[in-house]
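Structure assessment
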Amino acid sequence: MSFLDLENKTFLVIGVANKRSVAYHVARILEQAGATVVYSVRSEPRRDSLAALLDGREVHVCDVEHEDQINALVEAVRVKHPTLHGIVHSIALANYENFSGVFHEVSKRDFMQCMDVSCFSLIAVANAFREMLDQQASVVTISISTTTMAVESYGYMAPAKAALDSTLVFLAKSFSRFSQVRFNGVRAGLLKTSASAGIPGYVDNYLFAERAMLRKSGLTTDEVANTAAFLLSPRSSGINAQGIVVDGGMGVNYFDADIVRDAATGDGSDPGR
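In short, a report on the structure. Given the structure is predicted, the values throughout are model-derived calculations rather than measurements. (Residues numbered from 1 in each chain as written. Predicted model: local features only at pLDDT ≥ 70, side-chain atom pairs only at ≥ 80, totals over all residues. Heavy atoms only, no water.)

Our next topic: the overall build of the protein. A tally of regular secondary structure across the protein gives nine helices and seven strands. The C-alpha radius of gyration of the protein comes to 19 Å, within 12% of the 19 Å expected for a compact globule of 273 residues. Once the C-alpha set of the protein is aligned to its principal axes, its extents read approximately 65 × 45 × 40 Å. Residues classed as buried in the protein amount to 46% of the 273 residues present. Taking as baseline every contact in the protein between residues at least 6 positions apart, the subset at least 24 positions apart corresponds to 75%. The distance from the centre of the 25 positive side-chain charges to the centre of the 30 negative ones in the protein is 4 Å. (Helix = DSSP H or I, 4+ residues; strand = E, 2+ residues; numbered from the N terminus. Rg over C-alpha atoms; globule rule 2.2 N^0.38 Å. Buried < 20%, exposed > 50% of the residue type's maximum accessible area, 1.4 Å probe, protein only. Contact = heavy atoms within 4.5 Å. Lys, Arg positive; Asp, Glu negative; His and termini not counted. Charge placed at Lys NZ, Arg CZ, Asp CG, Glu CD.)

What follows deals with the pattern of salt bridges. Counted by the stated rule, this structure contains 13 salt bridges. Its salt-bridge partner being glutamate 65, residue arginine 42 comes within 3.1 Å of it at the nearest N-O pair. Of this pair, arginine 42 sits in the loop between strand S2 (36-41) and helix H2 (44-49) while glutamate 65 sits in the loop between strand S3 (58-61) and helix H3 (67-78), placing them 23 residues apart in sequence. Judged by relative accessible area, which is 26%, glutamate 65 ranks as partly exposed. The partner of glutamate 223 in a salt bridge is arginine 215, with the nearest N and O atoms 2.8 Å apart. On the basis of relative accessible area, glutamate 223 is assigned to the partly exposed category, the value being 27%. Salt bridges sharing common partners tie together Arg211, Asp258, Arg261 and Asp262. (Salt bridge = Lys/Arg side-chain N within 4 Å of Asp/Glu carboxyl O.)

Take the packing of aromatic side chains next. All told, the structure shown has seven aromatic pairs when counted by the stated rule. Among the aromatic residues, those joined into a cluster by ring pairs are Tyr96, Phe99, Phe111 and Tyr156. (Phe/Tyr/Trp six-rings, centres within 6.5 Å; stacked < 30°, edge-to-face > 60°.)

Here we come to the nonpolar core. What tends to happen in soluble globular proteins is that the nonpolar side chains get buried as a cluster. Ranked by size, the top nonpolar core spans 84 residues in total, and within it Leu30, Ile87, Phe129 and Phe183 carry the most contacts. Filtering out sequence-adjacent residues up to four positions away, phenylalanine 129 remains in contact with Leu12, Leu73, Val74, Val77, Leu84 and Ile87. (Core = buried A, V, L, I, M, F, W, Y, C linked by side-chain atoms within 4.5 Å.)

Shown next as structure tokens:
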């Protein structure tokens, strides 16, 4: 038995977009640990684009904006897997093409769609699968390291993630009425993913994050995925209703002397070069 004790357990992973996705990295770690992974992606074209990457895996299609598709996913998964030992929720959506970059100008339609896909879907999926979840199953969602810093280019996604962080707490309490199912989040710092590439100004923010981290190097997707795998495992049984920050220490280092000096002098050069 490996340390994580995931052998012969079954997990549903929602949100693989490509090989750079956090969801894919989590799934890979689970499979390496001996677990069975069932995949859910948003659309048929997405499933087609992942055919080579997920060759031989069980892949279902479910757009979480539609309740009927969530219910259909439950029935499809139940055919081969009557019990799930965990769910990975790694989905978010914001229509940045229509976003001016000024928060108060966001449309109600875009804001509500973002909240629906990025936050409410966790409630919908957990509720739909509740009877299939093992009594000690673990549900893990992927959030962001902080929702109290107004990063203008990130726009209205941060409020949705703040709601997500609160939602997992209430789900943990609600499910405790009839089970020991745990709900936790991995609050990740800035990553090099395809999803992040669509955020205006993200590259500059990522380069700043590299400098702000205590180790002066960027966060890797595997570091986030490893934390998620731990939270999915029985080894984290004492952790519930929590958001685990994985940011390389960035959150304590915004006043790093080099960063402050460069801001004060207008020198953006890297003193290490």
